Each structure stands twice: as structure tokens, then as C-alpha cells.
Amino acid sequence: MTSFHDLQDYIAIPRAEELRLSPDGRRLVAVVKSLQPDRKKQTTSLWEIDPNGEMEPRRLTRSAQGESGPAFLPDGTLLFVSDRPDPQDGASAAGRDGEPASVLWALPVSGGEASRVAERPGGVCDPVVASQAGTIVVTADTLPGDANGDAERRKRRDDAGVTAILHDSYPVRLWDHQLGPDQPRLFVIRPAGTEGAADGVRDITPDAGQALVDQSAAVTPDGTTVITGWRVMIGPGDVGTQLVAIDAATGQRRILLERDGIDFTRPCISPDGHAVLCVGEQHATVGQPPAQSLWLVPLDGSEPRDLLAGLDLWPGDPAWSPDSAKVYFTADLRGRCPLFSVEAATGATEQFTHDDAAYAGPAVSPDGRTVYALRSGIGAPPSPVRIDASTGLVTPLKAPGSPLPVPGTVAEVTATAEDGAELRAWLVLPGDVTAPAPLLLWVHGGPFNSWNDWSWRWNPWIMAAHGYAVLLPDPALSTGYGQQHLRRGHGKWGDVTLADLMAITDAATARDDIDPDRTAIMGGSFGGYMANWIAGHTDRFRAIVTHASLWRLDSMLTSDESYYFVREFGDPEKHAGRWEANDPSRHAAKIHTPMLVIHGDKDYRVPIGHGLWLWWDLMRHQVDAKFLYYPDENHWVLSPGNAVVWYETVLAFLAEHVLGQRWQQPRSL
């Protein structure tokens, strides 16, 4: 028995989510999510991880509200964000709709209680620190107008019972929350010279509007300049992102980098303060899929350049070496996500790790000899590791929740597509099975994604614990195989991806340990789109589970990112045939396979109308179906109790239609 056999055990597993390294390289802090005692919610806390891998992890923060956003001041003071009450007076900062607001806290190097550093009526988040000057920059949602009057304006709205939002730009919501009436701004906090103290919070982006929505910022080592992505309208209903520099003293803003059809985000400033690295994502067009690279922007006014112009992958997650000569980054590669390094001066690139793993959040030690990162894989959850910068040797560090035994093994499956392209997938196999296992084909979301790392939300090991083999393929539109693999399915999602999925499924069912007569398919988001498409094109599967799935393709114009779909499929009035050719709802009458539809009402990426329309079409065509509806969940299912219901319902549905068992109502329902 493992933690995957009992869902109550599964939701209680601690989960490491991000790492931060102190300026002197002696302290490594992880954000760890864990289940609260009442088991109704998961919250985060900060843990210290021994960089040498000898000491057991030590919990640094403890509150019911949780802590996140760790950042270090130059003297080693640990900053974090939390809406915990003040330990002296027991009061929480007042926020939106009477809820507590997130406050910036400081935990001294010498230990003791954390103290409040800064607060705003709309809360603060995402602290970043100037590595030399100690200047702090935070993001805080603020109502239109002078920042000093924000609390008064909030009270006036609340007293009048006003919840309405008046928009004059796009978008109006993101993932699971409304945008507005308050909007993100950047605030600067100058260090006051004493440990953890500061001299006030100053607004440097009073005119930001929606420009800072879903953006991240960085600050130069001397604290004089803030670098951030800046969203702008680039056409009717379309949004682009510039890279801008903001004077931390005056708020004066200048454009560092802009190109037609490329978004520049996630800045990372070199330790010497001379350059900034950012992610550049080229927009999709009707003829071409999106592409991603890393851009180097000298801060002396020299010409920016694509640092990885010859790399046919999707790089991200950059981290500088301490001498500012090299950059480490990650990129999906054939079902893995290794670390790479690139010389800033020449662009010379090499792969740094070579195992079957996915790396995230690299951080380089001050002496440049060690890289710390979170390492995961299909068979292992994210856990901190130490990597020798000269040899690439990986050493696991002790952390909550790891190591974690899994109930089976992982194999690799390959196939050839109809057009000759090489296809591959991971195959999760259940342990201690004496007969061929039923197969569950699980299609990833995105579509620009890859099955290469651990997923707490879409976890195949729960299915393996119940006897299923789980096929995790990377069909057309998956990252890690070059742009041509994206082009194969660009603008023709359904047919090409379907052919790839059937080819890799054929390869899996040809194995002696797989039962070809007991198969099912499931997927979420784009994976749900493919589940719906497959439902209307083949009856080979016994059951289909579709989560947060696209059904009426033109209804994606109500998504929070409707402009993306116009980029790829074209103006619906001018390219109606392209939209219709990719619309799974046009094949509703051909669906005969039993389907489980799952959707959350607060899903703004794939709005609930898709789930409701799909459910109605299944009902009117008399398909054997069920609809698991979440009034308060978003694109994912995040609360522990609802996650248990999700897996219980999916397992019950599969047991009925794949294993031939009698339907059993999930216990949690």
C-alpha cells in the first residue's frame, strides 16, 4: 500500500513548490504546501532546506493562513507574504470585501517573531529585492486614483454596496478571478537601515491600468531601476507585452524592448546590473504556431538580441551565474525538461543535465559552483536537489514529502505518425499485476505542453494504484520536439492529433502487459478538447472523461484569452471554415461512448458554457453520461475535498464502463 491507494492519504502529502537561495548561499528556503488539520484546505509554509543535504528540513513559519513569496534582503532577512494576524495585537490587515489582506513580513536572521514590513488595502504580493541596495518592490492591487486614497475609495464602494466593474480595456477576467475594479501597481519600499524595517511604500506606476496584469518584475542590484513586462493593446481586442524600465525614484518609464508580434515577460537581471534577460514569446498566426526564446537586453542602450536564436525548443526559467557570464535555463526535450546553459557573450549552448527528469526554478550559488533546483519526473514529485556546476552530478536534498514511493513502474513507448513523425509517450504500469492491465489514455492540456514532470492535479499513480496502466503521450502540438511538431497540428487540432494519439495507443496496446479490449481516454482543457473530438470520431474506447473541455470552438471567444484563438484560427467572419473544421460539437450526433463531463463554474479559461452545452448535446443524443459540476472551482479542482470527489467519481465511472462493475456512488458525494 502507498499514499496513492487512499485518497485521504494522497491529499495529505506535503508538496514542495519553489526554492529561494540566500545571498550568501548558506540558506535554501522552500515553499511547501500541506493539508490543514481540518483537511478542508491546503496552505503553504516556509521550510529551510540544508544545502549540503545533511540536516533534516526545518519549518520556519507556521500559521493557519500560510506564507508564500519568499525573498531575501542582502543581510539575510527573509521576507514573505501572508495575511496572518499580527502576533502582538492579533489583528489582520483589512482587505477586499472584509477579507484579510496579504502583508509583507520580515523574519530576522537572528530568529524570533516575524514583523510587518508593508501593507496595502488591496494586499501585497510578489516581493523582489535589489541584491545590493536592499530596495524592495511589491505588487499591490489599487483602485483607480491616487494610491493614498485607496482605503477610502474601497470603504465608499463597500458602504454603498457596489460590486460593479466598469471596463475600458481587455481582458476583463483571468483564469478564475475578475480583473478590477482594482488593478495591479508596483510599489517601492526603501530599506531604513535596520533589520526588516523600511521607510514607506511608494507607488511608481499610478497610470498602470491593466498593464501589469499577470506580469512579474525585477529590480537592478543598486535599486534604481525596476524592469517589468507591460501589457498594451496592439489591435482590436488583442494584447501584447513590452519590456519596460521604470525609474524607482521618479516612476519615469521607458521601453527597453518591443517587437511586433512578440511578448516580452519574466525579466531576470544580471548580477552585475548590466543586462536583463527575458522570455520572448512570438505570437501565433493563422500560418505559424507560437515560438519562444530568451532575449538579452543590455541596459546601456545596446541592441537587444535573441540569445537562443538557433535553439529549436521552448526555453524558460532563466538564472544567471554570479559572474554574469552564463545563464542556466530549462526547456522541454523529448519527454524530459533538462537544465541547459548558455554563454551570454556568444550564445553557445549546452545541455547541463541528462537524466529522465524535469527541472524548475534554478538558483546558482554565489561562488558559481552549485546550481539548486526542484527536480521531478513522471515517477517522482518535485524535490530540491544540488547540482555540481562542473560535472552535472545531481544530489537529492532532504525535504518534506520526499522520497515518495509510487505503486508501479514507468516505461517508454514509441510509434510513427502517419506523416512519418516520431511519436513517444510515457507508460505508467501498475505494480503486482498478474494479468494484462486496462489502459487509460490521458491527453495533456495546453496544447503547448509535455508529459515530462510530476502533476499533483493530474496524477497517473492514483489510477495505477487501482490497476490501470496510464499512457501519457506527446502528440502533435507538444513541446520538446521542435517547431515542426507544433506546425503539424497548428490550425488543425483535431485530425492530426487524433491520428497521433491512435498510433501511440496502438503501440501501447500491442504490449503483452496491456489489455487492448479494456481502454478509456481522459483529458483536461486541450486534453478535454481531444477527448471530445475522439468521442465524435471513434468508438474504440469504453469510456471517456472530459474535464474543463472545449466543445463549441467559437465559444472560446468568451475565454479570458479569446485573442489567442483569433490569432490561430483567424477572424471568425473571414475564416469561418477553419473554425468549423476544428469544432468538436459538429460531431455530437456520432457520439456513442459513455462520457463523464467535469467542469467548474469559475473556469474563465474554458468558460462553463462549454460544459453545459456539451451536457445538453449528450442528453439530447441519449448518450450514457454523467456531469460532475463544481460551483466554486476553476479550470482545475484545487480544494482537497473536491479533489477527492474528482478522483472518486472518475474511478467509479471507469470501473463501471471499463471494468464492467456496477456503478457505485462516490462516498464523498
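Draft legend 1. Expanded view of the state of the cysteines. One pass over the structure, following the stated rule, counts zero disulfides. The structure places no disulfide on Cys125, whose sulfur is separated from the nearest cysteine sulfur, that of Cys268, by 19 Å. This cysteine, Cys337, is not joined by any disulfide, and Cys268 carries the nearest cysteine sulfur, 16 Å off.

Draft legend 2. Local environment of the packing of helix H5 (residues 493-509) against helix H6 (residues 526-535). As a packed pair, H5 and H6 sit with axes 10 Å apart at the nearest point and diverge in direction by 85 degrees. If you check the angle between H5 and H6, you find them roughly perpendicular. Contacts between H5 and H6 pair Trp493, Gly494, Asp495, Thr497, Leu498, Leu501 and Met502 from the former with Phe526, Tyr529, Met530, Trp533 and Ile534 from the latter. Class assignment for the residues of the contact of H5 with H6 results in nine nonpolar, two polar and one charged.

Draft legend 3. Layout of the environment of Asp24. Counting through the fold element by element, Asp24 comes out in the loop between strand S1 (15-21) and strand S2 (28-35). In terms of polar contacts, Asp24 uses its side chain to reach the side chain of Ser22, at 2.6 Å. A polar side-chain atom of Asp24 sits 2.9 Å from the main-chain amide nitrogen of Arg26.

Draft legend 4. Spotlight on the side chain of Asp238. Topologically, Asp238 is positioned in strand S17 (residues 238-247). Taking the relative accessible area as the measure of exposure, Asp238 reaches 18% and is therefore buried.

Draft legend 5. Structural detail: the packing of aromatic side chains. Counted by the stated rule, this structure contains 26 aromatic pairs. When the ring of Tyr10 is compared with that of Trp456, the centres are 5.9 Å apart and the planes differ by 50 degrees; the resulting orientation is tilted. With Tyr10 in helix H1 (residues 7-10) and Trp456 in the loop between strand S33 (437-443) and helix H3 (460-465), this residue pair connects regions lying 446 residues apart in the sequence. Here Trp456 falls in the buried class, since its relative accessible area comes to 16%. For the pair Trp615 and Phe627, a centre-to-centre distance of 5.6 Å together with 40 degrees between the ring planes defines the contact as tilted. Placement of Trp615 in helix H9 (residues 608-620) and of Phe627 in strand S38 (residues 625-630) is noted, with a sequence separation of twelve residues between them. Take Trp615: its relative accessible area is 23%, and that puts it in the partly exposed class. Overall, the relative accessible area of 21% leaves Phe627 in the partly exposed class. Ring-pair connections join several aromatic residues into one group, and the members of that group are Trp314, Phe448, Trp493, Phe526, Tyr529, Trp533, Tyr564, Phe565, Phe569 and Trp579. For the cation-ring pair, Arg15 lies above Tyr10, with the distance from its terminal atom to the ring centre recorded as 5.5 Å. The side chain of Arg173 reaches across the aromatic face of Tyr604, ending 4.0 Å from its centre.

Conventions we followed
- Residues numbered from 1 in each chain as written.
- Predicted model: local features only at pLDDT ≥ 70, side-chain atom pairs only at ≥ 80, totals over all residues.
- Heavy atoms only, no water.
- Disulfide = S-S within 2.5 Å.
- Axes fitted to C-alpha atoms, helices over the stretch in contact; angles between N-to-C directions.
- Helix = DSSP H or I, 4+ residues; strand = E, 2+ residues; numbered from the N terminus.
- Parallel < 35°, antiparallel > 145°, perpendicular 65-115°, else oblique.
- Contact = heavy atoms within 4.5 Å.
- Nonpolar A, V, L, I, M, F, W, Y, C, P; charged D, E, K, R; others polar.
- Polar contact = N/O pair within 3.5 Å; in protein donor to acceptor, adjacent residues only side chain to side chain.
- Buried < 20%, exposed > 50% of the residue type's maximum accessible area, 1.4 Å probe, protein only.
- Phe/Tyr/Trp six-rings, centres within 6.5 Å; stacked < 30°, edge-to-face > 60°.
- Lys NZ or Arg CZ within 6 Å of the ring centre and 35° of its normal.

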